[in-house]
Amino acid sequence: MVSRPPDIILLVSDDVNVHIMNKSSCPHIQSLASSGHSFSQAYNYGGSSGAVCQSSRLQMLYGKPWDSLGEAGLPFPAKLQQQGYDTFATGKWHSGRGLFDECFSSWNQVFFGGMMSGKSTIEGRDESSVLGIRKPGGIFSQSLIQFLNSRTETSSPCFSYVGFTEPHDPLRDIKPFSDVNVATLPPNFLPDHPFSFGYRKHRDEKLMKRPLSKKILLKRIHKYMTMVSYLDQCIGNIIASIRRPTIVIFTTDNGINMGSHGLLGKQNLYQESIRVPLSITALAGAKLPLASSTGQLVYLHDIFGTILDIAIPEYQNVRSLLNPGNHRVFLRCRFKSEIYCVIQENFKLIYYSIPKRYQLFDLEKDPYEKKALSLKKHADIVKSLKKLIRK
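Note that the structure is predicted; figures quoted are calculated from it, not measured.

Draft legend 1. A look at the overall build of the protein chain. Across its full length, the protein chain holds 10 helices and 18 strands. The C-alpha atoms of the protein chain give a radius of gyration of 20 Å, which matches the 21 Å a tight globule of 391 residues would have. Counting every position in the protein chain, which comprises 391 residues, the buried fraction comes to 58%. Sequence-distant contacts in the protein chain: of pairs separated by 6 or more residues, those separated by 24 or more amount to 69%. Roughly 16,600 Å² of accessible area belongs to the protein chain as shown, and the carbon and sulfur atoms make up 52% of that amount.

Draft legend 2. Representation of a positive patch on the surface within the structure. Side chains of Arg 134, Lys 135, Lys 215, Lys 219 and Lys 223 sit close together on the surface and give a patch of like positive charge. Within the element layout of this structure, Lys 215 appears in helix α7 (residues 214–241).

Draft legend 3. Seen up close, the packing of aromatic side chains. Here the structure, examined in full by the defined rule, presents 19 aromatic pairs. A centroid spacing of 5.1 Å and a plane angle of 50° characterise the contact between Phe 197 and Tyr 352, whose relative ring orientation is tilted. A residue pair is termed long-range when its members are at least 10 positions apart, and Phe 197 in the loop between β9 (158–163) and α7 and Tyr 352 in strand β17 (residues 347–353) qualify at 155 residues. Owing to a relative accessible area of 6%, Phe 197 belongs among the buried residues under this scheme.

Draft legend 4. The arrangement of the sheet that holds β17 in detail. Spatial ordering of the open sheet is given by β4-β15-β16-β17-β18, a layout of five strands whose pairing is mixed. Lying at the two open borders of the sheet, with one neighbouring strand each, are β4 (46–47) and β18 (356–362). Sheet analysis places β4 next to strand β15 (residues 330–335), joined by two bridges and oriented parallel. Bridge pairing in β15 links Gly 47 to Phe 335.

What counts, and at which threshold
- Residues numbered from 1 in each chain as written.
- Predicted model: local features only at pLDDT ≥ 70, side-chain atom pairs only at ≥ 80, totals over all residues.
- Heavy atoms only, no water.
- Helix = DSSP H or I, 4+ residues; strand = E, 2+ residues; numbered from the N terminus.
- Rg over C-alpha atoms; globule rule 2.2 N^0.38 Å.
- Buried < 20%, exposed > 50% of the residue type's maximum accessible area, 1.4 Å probe, protein only.
- Contact = heavy atoms within 4.5 Å.
- Areas by Shrake-Rupley, 256 points an atom, 1.4 Å probe, with all protein chains shown as cover.
- Patch = residues over 30% accessible without salt bridge, like charges linked within 9 Å, V, L, I, M, F, W, Y side chains within 5 Å.
- Salt bridge = Lys/Arg side-chain N within 4 Å of Asp/Glu carboxyl O.
- Lys, Arg positive; Asp, Glu negative; His and termini not counted.
- Charge placed at Lys NZ, Arg CZ, Asp CG, Glu CD.
- Phe/Tyr/Trp six-rings, centres within 6.5 Å; stacked < 30°, edge-to-face > 60°.
- Pairing = 2+ DSSP bridges.

Structure (structure tokens):
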């Protein structure tokens, strides 16, 4: 008798800074990482506009960088439907209504937009829309829990997508978590970025004046941490409701700066912006290869091949995070046509097109990218990385 494929849940948070998340109170997220496959060097390829999250989410759906989506084929939820999966969505959807309808056979409580505000609308399938939600994560997690509770032992396997809006701004202090989080300035804090590369034109960078006030920034970081903890609580509620064998994937669409390098946004290629949390965990009797923590270079959009690998083992020509043979020796990222970077081993080279400028970092010795290395003293490394940066 052929066993039924496991259910799959993809939990996508919004603008999670890995460094701050690791200092926040988030036991459920940490438990997923420690008991499953955890990827410490996972990266978002980048964005085609200031709305980096839009590019990031499309890349996950199609398994390709945003500059290679010309003939993308079917998004993975549509492929899962072809294999008999029911597909469900709740939360933030930033990729258009037509694509949404192609991906999901059922849904409830969906925010069709990019950034939530007090006037935002959450659309419900069977009930009136909800306006001005202060804690949307609770609405979205409860929507998924209701869907999971409707499943029986004989129901088809299902794929569920939850697009959280936390901890994306507007930042707010979620009181139950104020006392368990202590905000500190990032170790690479600067009052302003040391050189101009056009960053001040972006919306995120206009949230505070320069030079950045340490006092105001600490308040923002503390609010951010309480939102991370609230996100964690919502995820814990989801985990507690799982009854059928399920694979849970947790990640975020992109990172964000919170005063690091004198920046507040994600429209750059520093680690705070492109490095993302990523874990894959088997729950309720589901099976995966032996859990491990790995530092191999992976892309966020490798989720595409991984989900297909879990659901359709015979599926070919995909790069799965669960296949240790599918590793990269280097990794490139790109923001529009303005900034490029390449990471190989412990070195990272960033190229700014306006003005033309390079930065070289040793991520092993300087994980916070606090001091760029001399290009002249490391000429051979720079030459080698330059060949890869737009390859």
